[in-house]
Amino acid sequence: MTDMASDPHSAQQAFRELLHTQRVWDVDLPAFDPATAPSAPLPLFHAWFAQAVAAGQTEPHTMTLATVDAEGHPDLRTLMLHDADERGWHFATHRTSAKGRQLAARPYAALGFYWPVQGRQVRVRGPVTACTPAESRADLHARSTGALASALVGRQSEVLDTPQELNRASDAAWERAQAEPDADVASWTRYVAEPREVEFFQGDAKRRHVRLRYRRDGAGWTRELLWP
């Protein structure tokens, strides 16, 4: 048998064959009539989120956050949605992390949700604002013990010398989180992305995807369909 590690061509060919056998939306997809959509995006997001949960979508509250670094290059990562209300889409992180520093320098972001169980995507774009310290503290203490411990470890995006260093810091943080559930983390910050554009994408097996975009227009919204 050929050792793929020593035969890059075979490894690449195996990858391509595996890649090309994958299929998307091998399920019955829901219909979406944009004519029935509400006048603003938030109620539709709430409805689609509830439907994703009901359909058994794994971790529907995870999303991709895209920012821009100091060189103007895009950067992204997956994190959790903390709320979606009249102010916008909420998330949290250390302001000292890579994304926190990027948002401080260029406070604009894009969010992406993907719910493959129903062939749906939601995209949000707009300016990002840091919430008040009181809101950030409340956000931190509304989370689990493990989440608090992770926040107490801090140093997000810094270079890690050894796994043992992380283990020691994590053990100490867990002990503190259990002993001090109200412990504060000064760098923990809740953010809200104010939507200027929100797009809802409904996949279709025949590739006749429905794309409905909301664009902020003064105090209201303009709705428009997009070619798939």
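Residues numbered from 1 in each chain as written. Predicted model: local features only at pLDDT ≥ 70, side-chain atom pairs only at ≥ 80, totals over all residues. Heavy atoms only, no water.

Chemist: Just give me the short version of the pairing of strand 7 (residues 188–193), but keep the residues and values in it.
Modeler: When you tally the buried positions in strand 7, you get 6 out of 6 residues, the bulk of the element. The alternating pattern of strand 7 places Trp-188, Arg-190 and Val-192 and Thr-189, Tyr-191 and Ala-193 on opposite faces, both of which are buried. In this sheet, strand 7 lies alongside strand 4 (residues 89–94) in antiparallel orientation, the contact comprising 6 bridges. Of the residues in strand 7, the one forming a bridge with Thr-93 is Thr-189. The pairing of strand 6 (residues 120–130) with strand 7 spans 3 bridges and is classified as antiparallel. Pairing of Thr-129 across the sheet is with Val-192, part of strand 7. (Buried < 20%, exposed > 50% of the residue type's maximum accessible area, 1.4 Å probe, protein only. Helix = DSSP H or I, 4+ residues; strand = E, 2+ residues; numbered from the N terminus. Pairing = 2+ DSSP bridges.)

Chemist: For the packing of helix 5 (residues 145–153) against helix 6 (residues 163–179), give the residues involved together with the corresponding values.
Modeler: Direction vectors running N to C along helix 5 and helix 6 enclose 125 degrees, while the axes themselves pass 8 Å from each other. As the angle between them shows, helix 5 and helix 6 are arranged oblique. Between helix 5 and helix 6 lies a crossing whose hand is right-handed. Residues Thr-145, Gly-146, Leu-148, Ala-149, Leu-152 and Val-153 of helix 5 lie in contact with helix 6, whose contacting residues are Leu-166, Ala-169, Ser-170, Ala-173, Trp-174, Arg-176, Ala-177 and Gln-178. Per-class residue counts for the contact of helix 5 with helix 6 are 9 nonpolar, 4 polar and 1 charged. (Axes fitted to C-alpha atoms, helices over the stretch in contact; angles between N-to-C directions. Parallel < 35°, antiparallel > 145°, perpendicular 65-115°, else oblique. Left-handed = near helix turned anticlockwise from the far one by under 90°. Contact = heavy atoms within 4.5 Å. Nonpolar A, V, L, I, M, F, W, Y, C, P; charged D, E, K, R; others polar.)

Chemist: Could you give an account of the pattern of salt bridges, naming the residues involved and the relevant values?
Modeler: With the rule as written, the count across this model stands at 13 salt bridges. Note that Arg-87 is salt-bridged to Glu-135, the shortest N-O span being 2.7 Å. Placement of Arg-87 in the loop between strand 3 (83–84) and strand 4 and of Glu-135 in helix 4 (residues 133–141) is noted, with a sequence separation of 48 residues between them. Looking at Arg-87, the relative accessible area reads 39%, which means it is partly exposed. Across the pair Arg-125 and Glu-197 runs a salt bridge whose closest N-O atoms are separated by 3.3 Å. Taken together, the positions of Arg-125 in strand 6 and Glu-197 in strand 8 (residues 197–202) put the pair 72 residues apart, joining distant regions of the chain. Look at the salt bridges and you will find they share partners, linking Asp-83, Asp-139 and Arg-190 into a network. (Salt bridge = Lys/Arg side-chain N within 4 Å of Asp/Glu carboxyl O.)

Chemist: A description of the pairing of strand 10 (residues 220–226) should follow, citing residues and the corresponding values.
Modeler: Regular strands have side chains that alternate between both faces of the sheet. Sheet topology note: the strand 9 (residues 210–217)/strand 10 ladder contains 7 bridges and is antiparallel. Each residue of the ladder has a partner; that of Arg-215, found in strand 10, is Thr-222. Connecting the antiparallel pair strand 9 and strand 10 is a turn made up of 2 residues, with Gly-218 showing a positive phi of about 65 degrees.

Chemist: Tell me about helix 2 (residues 41–54), and name the residues and values.
Modeler: Quick reminder: α-helices carry 3.6 residues per turn. Residues three or four places apart thus point the same way. In this model, helix 2 (14 residues) spans 20 Å end to end at C-alpha, consistent with the 20 Å of a helix rising 1.5 Å per residue. All buried positions along helix 2 are accounted for by Pro-41, Leu-42, Leu-44, Phe-45, Trp-48 and Ala-52. For helix 2, the angular spread of buried residues about the axis comes to 155 degrees, placing them on one side. (Expected span 1.5 Å × (residues − 1). Arc of directions from axis to C-beta.)

Chemist: Account for the layout of surface pockets, naming residues and giving values.
Modeler: By volume, the largest pocket amounts to about 280 Å³. Secondary-structure elements contributing two or more residues to the lining of the largest pocket are strand 2 (74–80), strand 4 and helix 5. Among the residues forming the lining of the largest pocket, the class breakdown is 6 nonpolar, 7 polar and 2 charged. Approximately 220 Å³ is the volume attributed to the second largest pocket. In this structure, the second largest pocket is lined by Ser-150, Val-153, Gly-154, Arg-155, Glu-158, Val-159, Leu-160, Asp-161, Glu-165, Leu-166 and Ala-169. Elements supplying a minimum of two residues to the lining of the second largest pocket: helix 5 and helix 6. When the residues that make up the lining of the second largest pocket are grouped by side-chain class, the tally is 5 nonpolar, 2 polar and 4 charged. (1 Å grid on protein atoms, 1.4 Å probe; cavity = no way out; pocket = protein on both sides within 12 Å on 5 of 7 lines; lining within 4 Å. Points joined across faces, edges and corners; volume = space filled by probe spheres on them.)

Chemist: Give me the lowdown on the packing of aromatic side chains, citing residues and values where you can.
Modeler: Taken as a whole and assessed by the stated rule, the structure comprises 12 aromatic pairs. Measuring from ring centre to ring centre gives 5.3 Å for Trp-48 and Phe-200, while their planes differ by 85 degrees; the resulting arrangement is edge-to-face. Residue Trp-48 is located in helix 2, and its partner Phe-200 is located in strand 8; the two are separated by 152 residues in the primary sequence. A residue is classified by how much of its surface remains accessible, and Phe-200, at 0% relative accessible area, is buried. Look at Phe-49 and Trp-115: their rings are 6.2 Å apart centre to centre, the planes differ by 70 degrees, and that puts the pair in the edge-to-face class. In this pair, Phe-49 is assigned in helix 2 and Trp-115 in strand 5 (residues 108–115), connecting sequence segments 66 residues apart. (Phe/Tyr/Trp six-rings, centres within 6.5 Å; stacked < 30°, edge-to-face > 60°.)

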